[in-house]
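These are the residues of each chain, in order.
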Amino acid sequence: MSLAAFNLFLGVMSLIALVVFIALYFVKAGYGIFRTASWGIAISNKIAWVLMEAPVFLVMCGMWMYSERRFEPVILTFFLFFQIHYFQRAFIFPLLLTGKSKMPLAIMSMGILFNLLNGYMQGEWIFYLAPETMYHPDWFTSPWFIVGTLLFFTGMLINWHSDYIIRHLRKPGDTRHYLPQKGMYRYVTSANYFGEIIEWAGWAILTCSLSGFVFLWWTIANLVPRAHALWCRYREEFGDAVGEKKRVFPFLY
């Protein structure tokens, strides 16, 4: 794909993200606590997560393998960072899930489509379209890489720790809902989403790429409205126990 066509693709993806962002304030994505029969056929959460997240991992593997730049130090580092996240999300996270929750096929299918497009979006820039002189070894000492890497792994750890807290809210056989209180949940009701947003903000910065920032925008467009819906649900269910917790950004929103 030419650079002009790629930039057009990024523009279209950004506009679609805007539509998604607005729509999700009116329509609750039907998975997790908001799953209803109206979303149609649903399958095991564990299987759905693998099928939904594995495609982006595989797409990036394929694009990396066919790139002439695949063993350039900075390019290889980007690839490993990205794949650490998606290996955990596709092949470890589903095995850690507890309970018998299900995910609608419609939600899973939309997730697969986005992940395929995003895998292409990130890989096409990093492995093929980025200027050959851009990601030279000096990039490792640039503010972009240093700050971005710190944010990326900080966000990843917040996300993983927050998921751990959620998984351990219930004892075996318990189906009640609980308000998480530990870790970053002391400040927001969607700490896992906050971690993921920080992580992909780090990715956008460390790659200093428009494709990375479009991915960050998609992450915000998808997770911030859902964080709002969860905050409202917690307010209904737990009332004053929610206290001064914000939705997703500590002390802000």
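Criteria and thresholds
Residues numbered from 1 in each chain as written. Predicted model: local features only at pLDDT ≥ 70, side-chain atom pairs only at ≥ 80, totals over all residues. Heavy atoms only, no water. UniProt positions renumbered as here; feature names shortened; annotations may be inferred. Helix = DSSP H or I, 4+ residues; strand = E, 2+ residues; numbered from the N terminus. Rg over C-alpha atoms; globule rule 2.2 N^0.38 Å. Buried < 20%, exposed > 50% of the residue type's maximum accessible area, 1.4 Å probe, protein only. Contact = heavy atoms within 4.5 Å. Phe/Tyr/Trp six-rings, centres within 6.5 Å; stacked < 30°, edge-to-face > 60°. Lys NZ or Arg CZ within 6 Å of the ring centre and 35° of its normal. Domains from an automatic or database assignment. Buried area = accessible area lost by both parts, 1.4 Å probe. Salt bridge = Lys/Arg side-chain N within 4 Å of Asp/Glu carboxyl O. Axes fitted to C-alpha atoms, helices over the stretch in contact; angles between N-to-C directions. Left-handed = near helix turned anticlockwise from the far one by under 90°. Nonpolar A, V, L, I, M, F, W, Y, C, P; charged D, E, K, R; others polar. Core = buried A, V, L, I, M, F, W, Y, C linked by side-chain atoms within 4.5 Å.

An unreviewed UniProt entry annotates the protein as 3-oxo-5-alpha-steroid 4-dehydrogenase 1 originating from Bacteroides faecium. Regarding the protein, the UniProt comment filed under Function (unreviewed entry) reads as follows: "Converts testosterone into 5-alpha-dihydrotestosterone and progesterone or corticosterone into their corresponding 5-alpha-3-oxosteroids. It plays a central role in sexual differentiation and androgen physiology."

Draft legend 1. Here's a closer look at the overall build of the protein. Helix and strand counts for the protein come out as seven helices and two strands. Seen in sequence order, the protein has helices and strands lined up from the N terminus as α-β-α-α-β-α-α-α-α. For a compact globule of 253 residues, the expected C-alpha radius of gyration is about 18 Å, and the protein comes in at 19 Å, within 12% of that figure. When the 253 residues of the protein are sorted by exposure, 48% land in the buried category. Sequence-distant contacts in the protein: of pairs separated by 6 or more residues, those separated by 24 or more amount to 82%.

Draft legend 2. Looking closely at the packing of aromatic side chains. Tallied over the entire structure, the rule returns 32 aromatic pairs. Judged by centre distance (4.7 Å) and plane angle (5°), the ring pair of Trp 64 and Phe 79 falls under stacked. With Trp 64 in helix α2 (residues 45–65) and Phe 79 in helix α3 (residues 73–96), this pair connects stretches of sequence that are 15 residues apart. Classification of Trp 64 as buried rests on a relative accessible area of 16%. Here the basic side chain of Arg 89 rests over the ring of Phe 93, its NZ or CZ set 4.5 Å away from the ring centre. In this structure, Arg 247 is placed above the aromatic ring of Tyr 253, and the distance from its NZ or CZ to the ring centre is 4.7 Å.

Draft legend 3. Layout of the domain arrangement of the protein. The assigned domain composition of the protein is domain 1 (43–134) and domain 2 (142–252). Using C-alpha coordinates to define each centre, domain 1 is positioned 19 Å away from domain 2. The partner domain 2 presents 22 residues to the 20 residues of domain 1 that form the contact. Taken together, the two surfaces of domain 1 and domain 2 that pack against each other cover about 1800 Å², and 72% of this comes from carbon and sulfur. On the domain 1 side of the contact with domain 2, Phe 78, Phe 81 and His 85 bury the most area, a combined 30% of that side's loss. Run the count over domain 1 and domain 2 and you get two salt bridges.

Draft legend 4. Broad picture of the packing of helix α1 (residues 3–23) against helix α4 (residues 105–129). Contact geometry of α1 with α4 gives a least axis separation of 12 Å together with a crossing angle of 145°. In this structure, α1 meets α4 at a crossing whose hand is left-handed. Contact residues: Leu 3, Phe 6, Phe 9, Leu 10 and Met 13 in α1; Phe 114, Leu 117, Tyr 120, Met 121, Glu 124, Trp 125 and Leu 129 in α4. When its residues are assigned to classes, the contact of α1 with α4 shows 11 nonpolar, no polar and one charged.

Draft legend 5. Quick peek at the environment of Thr 154. For Thr 154, the location among the structural elements is in helix α5 (residues 143–167). Taking relative accessible area as the criterion, Thr 154 reaches 40% and is therefore assigned partly exposed. Put simply, Thr 154 and Gly 195 are 41 residues apart on the chain and 7.6 Å apart in space, counted from C-alpha to C-alpha.

Draft legend 6. View of the nonpolar core. Membership of the largest hydrophobic core comes to 37 residues, with the highest contact counts inside it found for Phe 78, Tyr 135 and Trp 203. Going through the elements one at a time, α1, α2, α3, α4, α5, α6 (191–207) and α7 (210–238) are the ones with two or more residues in this core. Counting residues per element, this core draws most heavily on α3, at seven residues. Two domains each put at least three residues into this core: domain 1 (43–134) and domain 2 (142–252). Residues contacting Phe 78, with those up to four places away along its chain left out, are Ile 126, Tyr 135, Trp 139, Phe 145, Trp 203, Leu 206 and Thr 207. Core analysis: the second largest hydrophobic core is formed by 12 residues, Ile 158, Phe 194, Val 224 and Ala 227 among them.

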